[in-house]
Amino acid sequence: MSNCKPEELLAATICRLVLDPSQPTARHVAVGAASPVPAAACYLAQKLGYPIRLSLLARNLGNPFTDGTRELFDLTGQGRIDLFFLGGGQIDGQANLNLVGTGEWPGKGVRFPGSFGSAFMYMMTPRIILFREEHSPRVLVDKVDNISANGTSPPGVFRRGHAQALVTGRCVFRFHPDRARFSLASVHAGETVAGVRAATGFDFDVPGGDDTAVPETPAPSDQELALLRGAVCDEMLETYPDFCARVFNRKQAA
Amino acid sequence: MSNCKPEELLAATICRLVLDPSQPTARHVAVGAASPVPAAACYLAQKLGYPIRLSLLARNLGNPFTDGTRELFDLTGQGRIDLFFLGGGQIDGQANLNLVGTGEWPGKGVRFPGSFGSAFMYMMTPRIILFREEHSPRVLVDKVDNISANGTSPPGVFRRGHAQALVTGRCVFRFHPDRARFSLASVHAGETVAGVRAATGFDFDVPGGDDTAVPETPAPSDQELALLRGAVCDEMLETYPDFCARVFNRKQAA
Amino acid sequence: MNLTDLESLAARVPDGSRLAMPPDNSLPSVALAKALVRRGARGLRLVGVPTSGFATDLLVGAGCVAEVETSAVSLGEAGFAPRFSAALRAGEIVMKDATCPAIHTMLQASEKGVPFMPLRGIIGSDILAHRPDWKVIDNPFAAGGDPIVLLPALQPDFGIFHAVMADSKGNVWLGRKRECATIAHASRASLVTVERVVEGDFLTDEKLAPGCISATYIDAIAIAERGARPVALLDEYRMDTAYISDYARMAKTAEGFSEWLAIHVFETRAAAVA
Amino acid sequence: MNLTDLESLAARVPDGSRLAMPPDNSLPSVALAKALVRRGARGLRLVGVPTSGFATDLLVGAGCVAEVETSAVSLGEAGFAPRFSAALRAGEIVMKDATCPAIHTMLQASEKGVPFMPLRGIIGSDILAHRPDWKVIDNPFAAGGDPIVLLPALQPDFGIFHAVMADSKGNVWLGRKRECATIAHASRASLVTVERVVEGDFLTDEKLAPGCISATYIDAIAIAERGARPVALLDEYRMDTAYISDYARMAKTAEGFSEWLAIHVFETRAAAVA
């Protein structure tokens, strides 16, 4: 698997998190507009034979919603979306997300695009997988400057779920809502725990406190890679042409 | 006009109330499912040259709503419906409507179909014209057994309007929300004030207290009659075939 | 898609289920209502969206119904609903009167996943007085003294309606009758009858997609040709007023209704020559 | 129907108006945004439904905008919105951050004619902390201790969007993009650009009606061919990514933006050869 691209590793890794048998089954997964890697992960799960309904917000032709852009949020409110993906300009050690900007409100430092639906989706979806490829102290901070969406809620506040995991370009963290902390689940090939620690602005746990016990993130299997480059790419070509060209070296027919 | 049918007189009468210059202009009028006479009245106003938008709930083909049956109520909530028609199994002297039934709730005596949207429409529409062809002490009662929709509201309760008038097979009443009473505006040809009083279960005012000063309801003009029997009937044939056959003696082409 | 037959569709509805159904000016599945009568369903709680018609009278008459929540029950031009009226008089059903936009609002609250939604009007109506589950609060956005009604979310167990067609993916097309979309969104699951199933995916067709309800909401589909009959289906067929008048006449008595059931639902007896 | 030309449509929008507009994945009228720049509109308050894109960056850059209420402003693949970011940094606009379903909900409250509507989530987000117009109450339908957000009704002065076509009656068809219907219902009036006008009445066509917004909501219509460009229009044309990238590059500086305006909005300068 030495020729596996980073995006392929990430897609296969997220796919395993989606299929994690310790989690409630993901029957219906929604994927936001700018999320080709999570989309690839979900298509991969489908192609592996899991009957997941996948609603891609980014699809123009064949967009799954017939009640306007409101429908995703209504579906989620109804409890019909089991899993969603979120990222953030900043993510902190308590899994708070900042999509608004750095510095004073509303982003007097660097303004990010904005919260999108995060303040709702984070609390109303049973499972959330956080994904941010850039793993640096700039992104993974101790405390976000502004909270677009909070990682945990006080008792009594209606909330269906929390972050299941945070996947970055270097590693996989699990989130523990009971103590509002991340633990390191695996590091990607070529990364070390010390390296991850140096690149992370927040403090996190290592299971058993033993750095050497942290496993390497499993590489995609041959079957997974073949599916990603074949059937998954076929599905994604229309919606994510740039991603398919860059990662799978495939161009859409004119 | 001796050959004018009762429905034609009623339609022309309601048309004049719709066009009453002392009232806020009716730009958009909605007409409920079982209301051919009000529908004829509104079509007549259109054919007389008034630019009224008319939304007929009863239309199957070409139904004006594309957001489901909710849209009428949303439109009304938005303040976009200026005038609506209501009736009732019982109507009392304070303009309360009973569409639920007689006797104990929910109509242990005679059960009527139900309130439909009256409890909302009566309060949220700036102008309401009440229409009930049967004019008897059974229908026009002192106090309704059950209030489906109330004729007036205490101060502070959000309400856009009240009944403008009550049109029956015998007469036209005006409603005065300030004192929550009806006054007799006109009696139809062949009716007397005394006759109306005998047939009415509630007490009402006569302007100046002078029975002889109550005018006769004007008959339809030749132009109005011609329009009703021609252009208005053309519009109504699809939606109200039975009414058109009975009143205008016109049958739909097969 | 989950394509089954009409009787199996009816078998998916446990006794005591709460069913949301559109009335006769929308797309009721009269075919499924008849199948529920045949399967001997009991204790159903019907929600008329926002009113109730032929199918409700039929189910009530056949003893399938424990409760009706609606804004009106009527056979339209054919008059009052005879079996509903009789059951109400006999105290055989619980009646929860509402008003049309309140039904829509309670379903919209469920559609949105909120516990309640406000609605103007209603204050002063006896409907409100007889709905202890409806609340009046003082509008928190006004300076005070502005009462407004809050309605609780209503989540039916099943949405039941008839659509024109289904596609290979289990999406259904029913045109502008979007109250059925609200029903589907608000209900735990929907059971849908259709005139026909066609190949393809309506959601990829910009002309068809706007009149679709996606398979996400739909538990199972059965083909029932003329499944709305005697009610009209968009531009596909008109209301069969003779059929409804005939029903209204026969259903005036319990005996006449039984005879009608035998002919038109159980088909154990041939219809009398018209 | 009220058919006019593009510049007259822009002239109907007084300075200071609140305009609701869909973002780049829906049907923004970029043509009308450009006409508003040409007319020199000032003090506009833009509402992104539920986010904002190209047209918003353009209007902000041209100095037409006083306030932006939205859940995000972005050029999608082409990155952050450059003129919006610059104006925010310079304190030239008031920013009211929201979250997508909150925008929908505030418009739905207006659509329904209620002063507020509840929404789950949001509690704990700094968005709520910076919206004094949003309130938290204790859910009156729970036993206590269940806080929930109430959002006020938002009524834009104008809904602004681009549709595929209008008919002789002034109804417009835009397919599944129903957020535009919510915009139209919630706004005092809507101004719509279309690719073309066709004879007939869409509302009498069961296939077209579900994707229509009726003339009731629409103040005036102007034909603007490729009026969504550079944004995609359903299956009619695709997104012009080169056009957007070009914009994103030039709009990095105020000077580059002015040059872009001269070429693409005022057309006083020819476009550079690509």
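A few points on the structure. Just so you know, the residues in each chain are numbered from 1, in the order the chain's sequence is written. All chains are assigned letters beginning at A, and all ligands numbers beginning at 1, according to the order in which they are written. Per-residue local features are limited, in this predicted model, to residues with pLDDT of at least 70; the limit for side-chain atom pairs, both in listing and counting, is 80 or more; totals at the level of whole chains, interfaces and linings are taken over all residues. Calculated side-chain values reflect all of the structure's heavy atoms, with hydrogen atoms and water omitted.

1. Topic: the overall build of chain A
- Along the backbone of chain A there are seven helices and 10 strands.
- Atoms counted for the radius of gyration: C-alpha only. Globule rule: 2.2 Å times the number of residues to the power 0.38. In terms of overall dimensions, chain A is globule-like: its C-alpha atoms have a radius of gyration of 18 Å, near the 18 Å expected for 254 residues.
- By its C-alpha atoms, chain A is 45 × 45 × 35 Å across when sized along the principal axes.
- Type-normalised accessible area, obtained with a 1.4 Å probe on protein chains alone, sets the label of each residue: buried when under 20%, exposed when over 50%, and partly exposed for intermediate values. Every one of the 254 residues in chain A was classed for burial, and the buried ones make up 59%.
- Counting only contacts in chain A whose residues sit at least 6 apart along the sequence, the fraction spanning at least 24 positions is 70%.
- With the model as given, the accessible surface of chain A reaches about 9,500 Å², and the carbon-plus-sulfur share is 53%. Secondary structure elements follow DSSP: runs of H or I of four or more residues count as helices, runs of E of two or more count as strands, with numbering from the N terminus. Residues are treated as being in contact if the distance between any of their heavy atoms lies within 4.5 Å. Areas reported here follow the Shrake-Rupley algorithm with a probe of radius 1.4 Å; residue values treat only the protein chains shown as occluding.

2. So, the pattern of salt bridges
- Any carboxyl oxygen of Asp or Glu that lies within 4 Å of a side-chain nitrogen of Lys or Arg is treated as forming a salt bridge with it. Tallied over the full model, the rule gives 70 salt bridges over all chains.
- When the shortest N-O distance is used, the salt bridge between D97 of chain D and R111 of chain A registers 2.8 Å. Separated into two different chains, D97 of chain D in strand β5 (residues 94-97) and R111 of chain A in the loop between β5 (97-98) and α4 (118-124) make up a pair that spans both. Comparing D97 of chain D with R111 of chain A shows no difference in burial state: the two are buried.
- Across the pair E69 of chain D and K96 of chain D runs a salt bridge whose closest N-O atoms are separated by 3.9 Å. Of the two residues, E69 of chain D is situated in strand β4 (residues 65-70) and K96 of chain D in strand β5; the sequence distance between them amounts to 27 residues.
- On the accessibility criterion, K96 of chain D (21% relative accessible area) is partly exposed.
- One connected set of salt bridges, linked through shared partners, spans D67, R70 and D74 of chain A, D67, R70 and D74 of chain B, K112 and R178 of chain C together with K112 and R178 of chain D.

3. Some details on the pairing of strand β9 (residues 158-166) of chain C
Residue and element names in this part refer to chain C.
- Within β9, nine of the nine residues are buried, which leaves the element mostly enclosed by the surrounding structure.
- Two strands qualify as a pair provided DSSP detects at least 2 bridges between them. Sheet topology note: the β9/strand β11 (residues 189-197) ladder contains eight bridges and is parallel. Within β11, the residue paired with H162 across the bridge is T193.
- What sits between the antiparallel neighbours β9 and strand β10 (residues 172-173) is a turn of five residues, in which G170 has the positive phi angle 90 degrees.

4. Examining the side chain of R159 of chain A
Residues and elements named next belong to chain A.
- Position of R159 relative to the elements: it lies in the loop between β7 (140-141) and β8 (162-168).
- Within polar-contact distance, the side chain of R159 engages the backbone oxygen of Y122 at 3.4 Å.
- In the analysis that follows, any N or O atom pair within 3.5 Å is treated as a polar contact, provided that within protein one partner can donate a hydrogen and the other can accept it, and provided that, for residues neighboring in sequence, both atoms belong to side chains. In this structure the side chain of R159 is engaged in a polar contact, spanning 3.3 Å, whose partner is the backbone oxygen of G151.
- If we ignore the near neighbours within four places in the chain, the residues touching R159 are Y122, M123, N150, G151, T152 and S153.

5. Concerning the interface of chain D and chain A
- Residue-level contacts link 41 residues of chain D with 39 residues of chain A.
- Buried area counts how much accessible surface, traced with a 1.4 Å probe, disappears from two parts once they are put together, with both parts' losses summed. Across the chain D to chain A interface the summed buried area is about 3,300 Å²; carbon plus sulfur atoms make up 56%.
- When the area that chain D buries against chain A is broken down by residue, the three leading residues are F80, R120 and R176 of chain D, summing to 16%.
- Scanning the region where chain D abuts chain A turns up three salt bridges.
- Salt-bridge contacts for R178 of chain D lead to D67 of chain A; the nearest nitrogen and oxygen are separated by 3.9 Å.
- For the pair chain D and chain A, the interface holds 14 residue pairs in polar contact (both at pLDDT 80 or more).

6. Some words on helix α2 (residues 30-38) of chain C
- In terms of residue burial, α2 of chain C counts as a mostly covered element, since eight of its nine residues are buried.
- Two residues or fewer after α2 of chain C comes G40 of chain C, characterised by a positive phi angle close to 75 degrees.

7. Some points on the environment of E8 of chain B
Residues and elements named next belong to chain B.
- Secondary-structure assignment places E8 in helix α1 (residues 6-19).
- Setting aside anything within four residues of it in sequence, one finds E8 in contact with N3, P220, L225, L228, R229, V247 and F248.
- Only 2.9 Å separates the side chain of E8 from the backbone nitrogen of K5, close enough to count as a polar contact.

8. Description of the packing of helix α1 (residues 6-19) of chain A against helix α6 (residues 222-236) of chain A
Residue and element names in this part refer to chain A.
- In this analysis an axis means a line fitted to C-alpha atoms, helices contributing only their contacting stretch, and an angle means the value between N-to-C directions, from 0 to 180 degrees. Contact geometry for α1 and α6: axes closest at 11 Å, N-to-C directions at 110 degrees. By the angle between their directions, the pair α1 and α6 is classed as roughly perpendicular. Remark: the crossing between α1 and α6 carries right-handed chirality. Counted together, E8, A11, A12 and R16 of α1 and E224, L225, L228 and R229 of α6 form the full contact between these two elements.
- Residues are grouped as follows: Ala, Val, Leu, Ile, Met, Phe, Trp, Tyr, Cys and Pro are nonpolar; Asp, Glu, Lys and Arg are charged; all remaining types, including Gly, are polar. Taken together, the residues of the contact of α1 with α6 sort by class into four nonpolar, no polar and four charged. In what follows, roughly perpendicular refers to angles from 65 to 115 degrees, roughly parallel to angles under 35, roughly antiparallel to angles over 145, and oblique to any angle outside these ranges. Handedness of a crossing follows from how the near helix is turned relative to the far one, being left-handed for an anticlockwise turn of less than a right angle and right-handed for a clockwise one.

9. Some thoughts on the interface of chain B and chain D
- Counting residues at the interface gives 17 residues for chain B and 19 residues for chain D.
- Between chain B and chain D the total buried area reaches about 1,400 Å² when both faces are included, carbon and sulfur atoms providing 39% of it.
- Considering only the side of chain B, the residues that lose the most area to chain D are T66, Q78 and R80 of chain B, jointly responsible for 39% of the buried surface there.
- Applying the counting rule to chain B against chain D returns two salt bridges.
- The closest approach of N and O atoms between D74 of chain B and K112 of chain D, which form a salt bridge, is 3.8 Å.
- If you look at where chain B meets chain D, you find nine residue pairs in polar contact (both at pLDDT 80 or more).

10. A short note on the packing of aromatic side chains
- Side-chain rings of Phe, Tyr and Trp, where Trp is taken by its six-membered ring, are said to pair if the distance between their centres is within 6.5 Å; with planes under 30 degrees apart they count as stacked, over 60 as edge-to-face, and otherwise as tilted. In this structure the tally under the stated criterion is 30 aromatic pairs over all chains.
- Judged by centre distance (6.5 Å) and plane angle (85 degrees), the rings of F202 of chain B and F204 of chain B are edge-to-face.
- Taking relative accessible area as the criterion, F202 of chain B reaches 4% and is therefore assigned buried.
- For F204 of chain B, a relative accessible area of 6% corresponds to the buried category.
- These aromatic residues form a ring-pair network of at least three members: F173, F175, F182, F202 and F204 of chain A.
- Lysine and arginine charges are scored as sitting over a ring when NZ or CZ, respectively, is within 6 Å of the ring centre and within 35 degrees of the ring normal. Seen from the ring of Y237 of chain C, R226 of chain C lies directly overhead, with NZ or CZ sitting 4.4 Å from the centre.

Honestly, it's all geometry; don't read function into it.
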